[in-house]
Amino acid sequence: MAKPGGPVCNLACDYCYYLDKERLFPPGAPRRMPDELLESFIAQRFALAPAGPVLFEWHGGEPTALGLDYFRRIALLERRHVRPDQQVQNGLQTNGLLLDDAWAGFFADEGFSVGLSLDGPRELHDLHRVDRGGRPTHREVVRAFELLQRHRVHCDVLCVLHSANAAAPLPVYRYFKELGVRWLQFLPLVERHPSGQGVSERTASPEAVGDFFCAVFDDWARNDVGRIAIQLFDEAMRPAAGLPHSLCLFRESCGDVLVLEHEGSLFACDHYVDPEHLVGSLREQPLAELARSPALAAFGRAKRETLPSRCRDCDVLAHCNGGCPKDRLGDEPSYLCPAYRRFFRHSRPTMERLAALWRSGLPLATIHGELRDADRRATHAAGRNDPCPCGSGRKFKRCCLPAR
């Protein structure tokens, strides 16, 4: 992951974990990766990569603040250094405010995938995602999404789950469906309280996050398998399908998602950009040498080696591997442990069936009819005071019975 513009951003999201990284760099120094460093990074990245796709991830801050010509230069350098046996892939994460037809046309022509941050309907998005003047941004982000759709640019929407939108799982999910989102990520916010004790008020409870995941999963499994891709659900199916996790969050170890800052500093992880986790500088050492750093290897092993004992005996360990170490408060398991444990247990039977369909070559959407038939049978058999068959934990009379 490269941050060619550093932490510079045109927004002032109140939950952002990256804006304060500005203090790590000399005041007044340019926040722009110079051309010679940029070319050195691109050339070394191709030299180290095997044949096949070579992925570049461009993040910030807000990378589009560098201007379109800067990314045209990136595309030119990639064409200069890519080997005949390699293919270039680019991903760019943006808040969308600076996008226009020229940007979207460039993304389409160069095959860029775009990650766009959107936290749901207007009142939930604008609660935390505002510009430097405190103004709402929802309308501009939706405009950017529609622009990318018109240009047929692959767009993955990233939704940060905070205490407000996590309380409205189906309205949030159905909003994204109506908007036309086809690739979706939910990123639970875990923000330390300023006092150093516990988490902030913006952070949803683990119970709320678990309920959110389960409610969205049930809707998705009955209506949208094969039509909408949700990153968490893809990861949840992998153990049942015998596949390794693709997301670092759920892998056994860390350390293979390095972060290159605009002035050449290389850090162990996007969430650990601090002096303690500085691997070195691309200005002083080649990328191959930095990637073999003993400190980086130790950072990667630490996730597994410091896993709390409660995690080691958990029945969903293969699904989450303890989650991201950044979410551990002290020596305890991840703050999100109850959320992931509830979700992985809730989704496991359906995921095992989806894995069986996948192995047999049958359409995954077959699951829609199977689950709806099972729902009808369970609903007709349930008594008023029984637990609701939908799995909400509420009594049937206070949940799905009125709708029936």
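Structure's up top.
Described below are features of the structure shown in this document. Note that this is a predicted model, so its numbers are computed, not measured. (Residues numbered from 1 in each chain as written. Predicted model: local features only at pLDDT ≥ 70, side-chain atom pairs only at ≥ 80, totals over all residues. Heavy atoms only, no water.)

Description of the pairing of strand E5 (residues 183-188)
The sheet contact formed by strand E4 (residues 155-161) and E5 spans five bridges and is parallel. Following the sheet pairing, Leu 158 is matched in E5 by Gln 185. Each parallel crossover has a hand, and the one from E4 via helix H6 (residues 169-179) to E5 is right-handed. Relative to strand E6 (residues 229-230), E5 runs parallel, the two sharing two bridges. Bridge assignment links Leu 184 to a residue of E6, and that residue is Ile 230. (Pairing = 2+ DSSP bridges. Helix = DSSP H or I, 4+ residues; strand = E, 2+ residues; numbered from the N terminus. Right-handed = clockwise from strand over helix to strand, strands pointing away.)

Overview of the environment of Gln 285
Mapped onto the fold, Gln 285 is located in the loop between strand E9 (278-281) and helix H9 (287-291). Spatially, the C-alpha atom of Gln 285 lies 10.0 Å from that of Gly 264, the residues being 21 residues apart in sequence. Every residue in contact with Gln 285, bar those within four places of it in the chain, is listed here: Val 279, Gly 280 and Leu 290. (Contact = heavy atoms within 4.5 Å.)

Thoughts on the packing of aromatic side chains
The tally for this structure, following the rule as stated, stands at 28 aromatic pairs. With 5.3 Å between their ring centres and 55° between their planes, Phe 343 and Phe 344 make a pair best called tilted. Pair check on accessibility: Phe 343 and Phe 344 agree, each one buried. The structure contains a cluster of three or more aromatic residues connected by ring pairs, namely Tyr 175, Phe 176, Phe 186, Phe 212, Phe 213, Phe 217, Trp 220, Phe 233, Phe 250, Tyr 340, Phe 343 and Phe 344. The side chain of Arg 45 reaches across the aromatic face of Phe 56, ending 5.9 Å from its centre. (Phe/Tyr/Trp six-rings, centres within 6.5 Å; stacked < 30°, edge-to-face > 60°. Buried < 20%, exposed > 50% of the residue type's maximum accessible area, 1.4 Å probe, protein only. Lys NZ or Arg CZ within 6 Å of the ring centre and 35° of its normal.)

Remarks on the sheet that holds strand E7 (residues 259-260)
An order of E7-E8-E9 is seen for the three strands of this open sheet, with the pairing classed as antiparallel. Taken across any chain shown, the strands that pair with only one partner, and hence form the sheet edges, are E7 and E9. The sheet contact formed by strand E8 (residues 265-267) and E9 spans three bridges and is antiparallel. Bridging across to E9, Phe 267 finds its partner in Leu 278.

Quick look at the pairing of strand E2 (residues 86-94)
Each regular strand displays side chains that alternate between the two surfaces of the sheet. Where strand E1 (residues 52-58) lies against E2, seven bridges are found, and the strand directions are parallel. Paired with Leu 55 across the bridge in E2 is Gln 89. Crossover connection from E1 via helix H2 (residues 68-81) to parallel E2: handedness right-handed. Pairing of E2 with strand E3 (residues 112-117), which is carried by five bridges, proceeds in the parallel orientation. Looking across to E3, one finds that Leu 92 is bridged to Val 114. The β-α-β motif built from E2, the intervening helix H3 (residues 101-110) and the parallel element E3 has right-handed crossover chirality.

As for unusual backbone geometry
The omega torsion of the bond from Gly 60 to Gly 61 falls at 20°, within 30 degrees of zero and hence cis. Relative to the assigned elements, Gly 61 resides in the loop between E1 and H2. Of note, the phi angle at Arg 152 is positive, near 60°, even though the residue is not glycine. Although it is not a glycine, Asn 321 sits at a positive phi angle of roughly 50°. In this structure, Asn 321 sits in the loop between helix H12 (317-320) and helix H13 (337-360).

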